[in-house]
Structures are given as C-alpha cells and as structure tokens.
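The lines below spell out each chain.
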Amino acid sequence: MIRLIIKSTLIFLINFIIASENNTSGVNTVESSKDSLDSIIEILLDDINKVPDFSLYSSDDQSYNIRNLEGNVILLNFWATWCGPCRAEIPELNEIQKLYGDENFIVLGVSISDTKKALKDFMEIYDVNYPLLYGSTKEIEKILIDYGGIYSVPTSILINKKGEMVFNYPGAILKEYDKWDGAYSYLNTKIQEALKDS
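Keep in mind that this is a model prediction, so the values were computed, not measured.

## With respect to the packing of aromatic side chains
Aromatic rings considered in pairs are described by the distance between their centres and by the relative angle of their planes. Within this structure, the stated rule accounts for 8 aromatic pairs. Aromatic pair phenylalanine 122 and tyrosine 126: ring centres 4.4 Å apart, planes at 10°, arrangement stacked. Residue classification places phenylalanine 122 among the buried residues on the basis of a relative accessible area of 6%. For the ring pair phenylalanine 167 and tyrosine 186, a centre distance of 5.6 Å and an interplane angle of 50° mean the geometry is tilted.

Have a look at this one:
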C-alpha cells in the first residue's frame, strides 16, 4: 500500500514537472518521458520492501552486512545470553543452520545486550554453530527500532534472497512446542520456500 502511494505521488509530481516544461518549450514528449519515469520510479522504489540494512561484528571478528548477504536466506534471531527461552532454542537454531547451511542459508544471532567477551564466554559453555553478533547500545537500539520495534527476546525474522522479510516470530521456536504453536514447522516451510525462490 505504501509503495502504491509513493509511486502515485512520484508519478503525479514528475508528470506535473514535465507538463510545465512542455508548455514552455512547445514540445510534446510526455509518452516517451512516461516510460523513462516508470523506470526511474522502479529504481527509486526497488529498496522499499527490503529490510533495513545494518552491519555488526561477530564474536570471532567477522563483519556481517545485511545488504552484502542478499542472495542468501537469513534468519535473524534477536536474543540475549541472560534470556532463558533464547538459550532453550539454540539447539533448534543449530539444527536449522546445519540442515540448510549448505543452501545459501545463515542464522545470525543478534545479541541485544551482550559484549564480545560475554558472547565468547557464553560460547565456551553453549554449543552454537552460527555467528553471534554484537554492537554498541546505540547500534542495537537503532536496529531494534528499524525492524519494527522489537521489545522482547527471542524474536526471529526470516529474510528471503531479495532482502524482504517473510516471517517474524516473537518467542522461542521450539520443536517440543510445535504441536501447540506450529512455529518450528512453519519456519522450516518458510525457509524451504525462500530457498526455492530466485
């Protein structure tokens, strides 16, 4: 809906400008300009459905940038080391990473409050086979707001190869709860669909 409103507004403004120019020059090029404008509008609106970009470092000093990962299916898992449900879903996230990791898929654990040292210490106790990202309080707050205002952890967001959000789940994704909430099965279905899409 937002895309349609923006496109309509841009078309109106550009056509108004062209009409003004045509009236002063006496040359009628509205049709050829309309095709050019449609191309310009598509370029301008290309990113409108994409998730917000961010860059964070992992506990092993690798830099991860959402735009650079386009072409991959990404599961962002917002979590914290102090969060019991977050720790409980780590085996499921490990399993999902192992299952789809060879198919241009990656789980990124985005810590909302931990430092690099806290994550390294955590990984000495817990087996985590996907990158754990961290950032400054300011960076993390911006990301949480940009992603729709994430106020609870864990929250998982699935991003398709085009960089668009296709699944958002506030809560732990646990196999043992699947018979009640269906989140684990649904997430797997959405991952498979996203991996098939070009």
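So, next bit.
## What to know about the sheet that holds strand 1 (residues 55-58)
As summarised here, the arrangement of the 7 strands in space is 2-1-5-4-3-6-7, forming an open sheet in which the pairing is mixed. With one partner strand each, in any of the chains shown, strand 2 (63-65) and strand 7 (165-170) form the two edges of the open sheet. Each strand axis lies, on average, 30° off the axis of its neighbour in the sheet, ignoring direction. Note: strand 1 against strand 5 (residues 132-134), 2 bridges, orientation antiparallel. Paired with tyrosine 57 across the two strands is tyrosine 134, which belongs to strand 5. Strands strand 1, strand 3 (73-79), strand 4 (105-111) and strand 5 of the sheet are contacted by helix 6 (residues 137-146), whose axis makes an angle of about 125° with strand 1.

## Points about the nonpolar core
Within the largest apolar cluster, 49 residues are counted, with the highest numbers of intra-cluster contacts made by Phe54, Leu76, Phe78, Phe105 and Tyr147. Every residue in contact with tyrosine 147, bar those within four places of it in the chain, is listed here: Val51, Pro52, Phe54, Ile66, Leu76, Phe78, Ile157, Ile159 and Met165.

## Points about the pattern of salt bridges
Applying the stated criterion across every chain, the model contains 7 salt bridges. Put simply, aspartate 61 and lysine 116 hold a salt bridge, and the shortest N to O gap is 2.5 Å. Here aspartate 61, found in the loop between strand 1 and strand 2, pairs with lysine 116, found in helix 5 (residues 116-125); they are 55 residues apart in sequence, far enough to count as distant. Judged by its relative accessible area of 46%, aspartate 61 falls in the partly exposed class. Residue classification places lysine 116 among the partly exposed residues on the basis of a relative accessible area of 26%. Note that arginine 67 is salt-bridged to glutamate 70, the shortest N-O span being 3.5 Å. Overall, glutamate 70 belongs to the partly exposed group, its relative accessible area being 28%.

## Side note on the state of the cysteines
Within this structure, the stated rule accounts for 1 disulfide. In this model, cysteine 83 is linked to cysteine 86 through a disulfide, with the two sulfur atoms separated by 2.4 Å. Disulfide cysteine 83 to cysteine 86: torsion about the S-S bond roughly 80°, handedness right-handed. Given the relative accessible area of 1%, cysteine 86 is considered buried.

## Digging into the side chain of asparagine 72
Tracing the backbone shows asparagine 72 in the loop between strand 2 and strand 3. At 2.9 Å, the side chain of asparagine 72 and the backbone oxygen of leucine 69 are in polar contact.

Rules and cut-offs
- Residues numbered from 1 in each chain as written.
- Predicted model: local features only at pLDDT ≥ 70, side-chain atom pairs only at ≥ 80, totals over all residues.
- Heavy atoms only, no water.
- Phe/Tyr/Trp six-rings, centres within 6.5 Å; stacked < 30°, edge-to-face > 60°.
- Buried < 20%, exposed > 50% of the residue type's maximum accessible area, 1.4 Å probe, protein only.
- Pairing = 2+ DSSP bridges.
- Helix = DSSP H or I, 4+ residues; strand = E, 2+ residues; numbered from the N terminus.
- Axes fitted to C-alpha atoms, helices over the stretch in contact; angles between N-to-C directions.
- Contact = heavy atoms within 4.5 Å.
- Core = buried A, V, L, I, M, F, W, Y, C linked by side-chain atoms within 4.5 Å.
- Salt bridge = Lys/Arg side-chain N within 4 Å of Asp/Glu carboxyl O.
- Disulfide = S-S within 2.5 Å.
- Polar contact = N/O pair within 3.5 Å; in protein donor to acceptor, adjacent residues only side chain to side chain.

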